[in-house]
Amino acid sequence: MLSSTIVAARINTVYGLFVKRYLLRLAGRTTPVTAMIGQSKISAFFAPKAVQKRSLSDCQAESADDHDKKAMIEKKKQEAIQKLQAKQIANAPEHMGLSWKKALAAEFSKPYFIKLQELVERERNSHTIYPPRHQVYSWSLCCDIREVKVVILGQDPYHGPRQAHGLCFSVQKGVHPPPSLENMFKELSKEYEDFQHPGHGYLNGWAKQGVLLLNAVLTVKASNANSHKDKGWETFTDAVITWLSKNLHGVVFLLWGSYAQKKGAIIDKKKHHILKAVHPSPLSAHRGYFGCNHFYKANELLKKEGKKPIDWKHLPLDE
């Protein structure tokens, strides 16, 4: 149904064409009105314009595009909210995962932690400190704190160039695996026939699956092992372990060596699983690390807890 406004406008147009025809006739020329209008029938001029039909696939494609756009907008919104929430946690380290910041917020305002941060910053001004500032807490960026399934405790970050990046036993891309990590790979190849040496020592693929690779001390001076021992890091990492022990259930803790086993004394053994062995260092691996079957046993325990086992073979360089 055409509106009265549209009909009036079209009548005015036709009227104008008739006037033009009359003037042309006076000038000795005749032009059919229908030719001026460009249609075979005047009634067709008033017919509603045809609506172009769209296929179902076109509509579905547009709907999918709209859904993707909405999902992207929602994702950006959530990221912005998380960044704002992270900034609102007093004294929280900049490069730490939000869920970990929330869980450990009480530590950041304690005198020991404030002094520790000041010490590390002073050290960075006059010495080379590993790992780089943005990688000190990289273990907290790989998974949500409540998604931790396995914990491997280390002691001190590697103190050589381009090694430490925040995950214990792991090294940066392009760096040959250190001896202890090589022994871990040897043990894995004995436990799983299809395990193959990845050709690198970058363990981010484990961390993304919920394996917390946590050193007791999180920074070190270049070429100076244990240089940040007893400065406050041990208190902080104890707080991390305590939170996991109290708030989660069925986590598998792999405690290799006397240092890790002593630190693990705070774990609630009634709620979690603890596997102990000597350290994978070449100095001790032959005294019980080889043959411990900890990677296999950890997965069996996870299955019993109804959790997805760790794919120890999954060690890509692009994660």
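Residues numbered from 1 in each chain as written. Predicted model: local features only at pLDDT ≥ 70, side-chain atom pairs only at ≥ 80, totals over all residues. Heavy atoms only, no water.

**A look at the overall build of the protein**
When helices and strands are counted, the protein shows 12 helices and six strands. Counting over 319 residues, the protein shows a buried share of 43%. For the protein, the share of sequence-separated contacts (at least 6 apart) that also reach a separation of at least 24 residues comes to 64%. Total accessible area computed for the protein in this model is approximately 18,200 Å², and 54% of it derives from carbon and sulfur atoms. (Helix = DSSP H or I, 4+ residues; strand = E, 2+ residues; numbered from the N terminus. Buried < 20%, exposed > 50% of the residue type's maximum accessible area, 1.4 Å probe, protein only. Contact = heavy atoms within 4.5 Å. Areas by Shrake-Rupley, 256 points an atom, 1.4 Å probe, with all protein chains shown as cover.)

**A word on helix α12 (residues 294–304)**
All of the buried residues along α12 are H294, F295, A298, N299, L301 and L302. Each buried residue of α12 sits inside an arc of 160 degrees when the element is viewed along its axis, so together they form one side. The inward-facing, buried residues of α12 abut β2 (150–154), α8 (179–191), α9 (204–207), β5 (252–256) and β6 (273–277). Immediately beyond the C-terminal end of α12, within one or two residues, lies G306, with a positive phi of roughly 80 degrees. (Arc of directions from axis to C-beta.)

**Side note on the nonpolar core**
Counting 72 residues, the largest nonpolar core has W139, W206, F236 and W312 as its most contacted members. The greatest single-element share of this core, amounting to six residues, is contributed by helix α10 (residues 233–247). In contact with W312, not counting residues within four places along its chain, are V150, L188, Y192, F195, W206, V211, F295, A298 and N299. (Core = buried A, V, L, I, M, F, W, Y, C linked by side-chain atoms within 4.5 Å.)

**Topic: helix α7 (residues 111–126)**
The first and last C-alpha atoms of α7 sit 23 Å apart over 16 residues, in line with the 22 Å expected at 1.5 Å per residue. Along α7, the residues that are buried comprise F113, L116, L119, V120, E123 and R124. Across the axial projection of α7, the buried residues extend over an arc of 135 degrees, all falling on one side. Opposite the buried face of α7, by more than 90 degrees, sit the exposed residues P111, K115, R122, N125 and S126. Next to the buried residues of α7 lie α6 (105–108), β1 (129–130), β4 (220–221) and α10. (Expected span 1.5 Å × (residues − 1).)

**Points about the sheet that holds β2**
Strands sit in the order β3-β2-β5-β6 across an open sheet of four strands; the sheet is parallel. Each edge of the sheet is formed by a strand with only one pairing partner; in this case those strands are β3 (211–215) and β6. Here the strands of the sheet are splayed against their neighbours by 20 degrees on average, with no regard to which way each runs. Of the strand pairs in this sheet, β5 and β6 are connected by five bridges, and their pairing is parallel. For W256, the partnering residue across the bridge sits in β6 and is A277. (Pairing = 2+ DSSP bridges. Axes fitted to C-alpha atoms, helices over the stretch in contact; angles between N-to-C directions.)

**What to know about the environment of L254**
Within the secondary structure layout, L254 lies in strand β5. Discounting residues that sit within four places of it in the chain, L254 has contacts with V150, V151, I152, L153, L275, H294 and A298.

**Concerning the side chain of R124**
Along the chain, R124 falls in helix α7. Although R124 is buried, it forms no salt bridge, and the closest oppositely charged side chain is E121 at an N-O distance of 4.2 Å. Of note is the side chain of R124, whose polar atom sits 3.0 Å from the backbone oxygen of P131. In contact with R124, other than residues within four places in its own chain, are I129, P131, P132, R133, V136 and T219. (Lys, Arg positive; Asp, Glu negative; His and termini not counted. Salt bridge = Lys/Arg side-chain N within 4 Å of Asp/Glu carboxyl O. Polar contact = N/O pair within 3.5 Å; in protein donor to acceptor, adjacent residues only side chain to side chain.)

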